[in-house]
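The residues making up each chain are set out below.
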Amino acid sequence: MNSHLDRFLSAIGYPERAPDGAASFSILVDGGEVLLRAEPGRLLFSRALACGEEDLPRLASLAPGRMLREEAVLAAEPGPDGAAFLWRELPADASAAAMQRAFESFCDSCDWWLERVGEFAEPEPEIPPMMIRP
């Protein structure tokens, strides 16, 4: 499994290598942690989206439209404290160019979703009460 991770890390130009025998490895990309995991026949990468449970329905409402545009999938851990994350899979035998394109696309998706999460953190603008005079 480690050879799949190292091949992927080499394809994306990451300066580090996975520890010997590792089936998963975290890398830092754009100030955030991306988890890489090798499984039989595929590579998975995922990134957590720091948002509150109350934001999950709003995030989920955006997912159907994004599924038409990208291969990354929005998901959440089960349970009341389930954290939202974005993930994507790739065949382990993909070419280096395909790995690089897939990871770049995944990072673009992460940027878009992180912007939405950032918008949720901003308070909604207060609309001042209106007074209509005759």
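Above this note sits the structure.
Residues numbered from 1 in each chain as written. Predicted model: local features only at pLDDT ≥ 70, side-chain atom pairs only at ≥ 80, totals over all residues. Heavy atoms only, no water.

(A) Spatial organisation of the pattern of salt bridges. Tallying each qualifying case throughout the model produces five salt bridges. Salt-bridge contacts for Glu 89 lead to Arg 42; the nearest nitrogen and oxygen are separated by 2.5 Å. Taken together, the positions of Glu 89 in strand E5 (residues 84–91) and Arg 42 in strand E3 (residues 42–49) put the pair 47 residues apart, joining distant regions of the chain. In this structure Glu 89 comes out as partly exposed when scored by relative accessible area, which is 38%. Assessed through its relative accessible area of 29%, Arg 42 is described here as partly exposed. Through salt bridges with shared partners, a single network forms among Arg 37, Glu 39, Arg 42 and Glu 89. (Salt bridge = Lys/Arg side-chain N within 4 Å of Asp/Glu carboxyl O. Helix = DSSP H or I, 4+ residues; strand = E, 2+ residues; numbered from the N terminus. Buried < 20%, exposed > 50% of the residue type's maximum accessible area, 1.4 Å probe, protein only.)

(B) Quick peek at the pairing of E3. Along E3, six of the eight residues are buried, which leaves the element largely enclosed by surrounding structure. Alignment of strand E2 (residues 32–39) against E3, held across six bridges, turns out to be antiparallel. The partner of Leu 36 across the bridge, within E3, is Phe 45. The loop that links E2 with its antiparallel partner E3 comprises two residues; one of these, Gly 41, has a positive phi angle of about 80°. Two elements, E3 and E5, share eight bridges in a ladder whose sense is antiparallel. From the neighbouring strand, Leu 44 faces E5, where its bridge partner is Glu 89. (Pairing = 2+ DSSP bridges.)

(C) Examining the pairing of E5 more closely. Burial of the side chains of E5 is restricted to one face: Ala 84, Leu 86, Arg 88 and Leu 90 are buried, whereas none of Phe 85, Trp 87, Glu 89 and Pro 91 on the reverse face is. Pairing between strand E4 (residues 73–76) and E5: four bridges, direction antiparallel. Residue pairing for E5: Ala 75 is matched across the bridge by Phe 85.

(D) Representation of the sheet that holds E2 in the model. A sheet is described by the order of its strands in space; here five strands give the open sequence E1-E2-E3-E5-E4, paired in antiparallel fashion. Two strands close off the open sheet at either side, each with one partner strand: strand E1 (24–29) and E4. Each neighbouring strand pair of the sheet contributes to a mean axis angle of 30°, computed without reference to strand direction. The pairing of E1 with E2 spans six bridges and is classified as antiparallel. Its bridge partner lying in E2, Leu 28 is registered against Glu 33. Along the sheet, helix H2 (residues 56–67) makes contact with E4 and E5, crossing E4 at roughly 155°. (Axes fitted to C-alpha atoms, helices over the stretch in contact; angles between N-to-C directions. Contact = heavy atoms within 4.5 Å.)

By themselves, these observations are geometric and do not establish any function.
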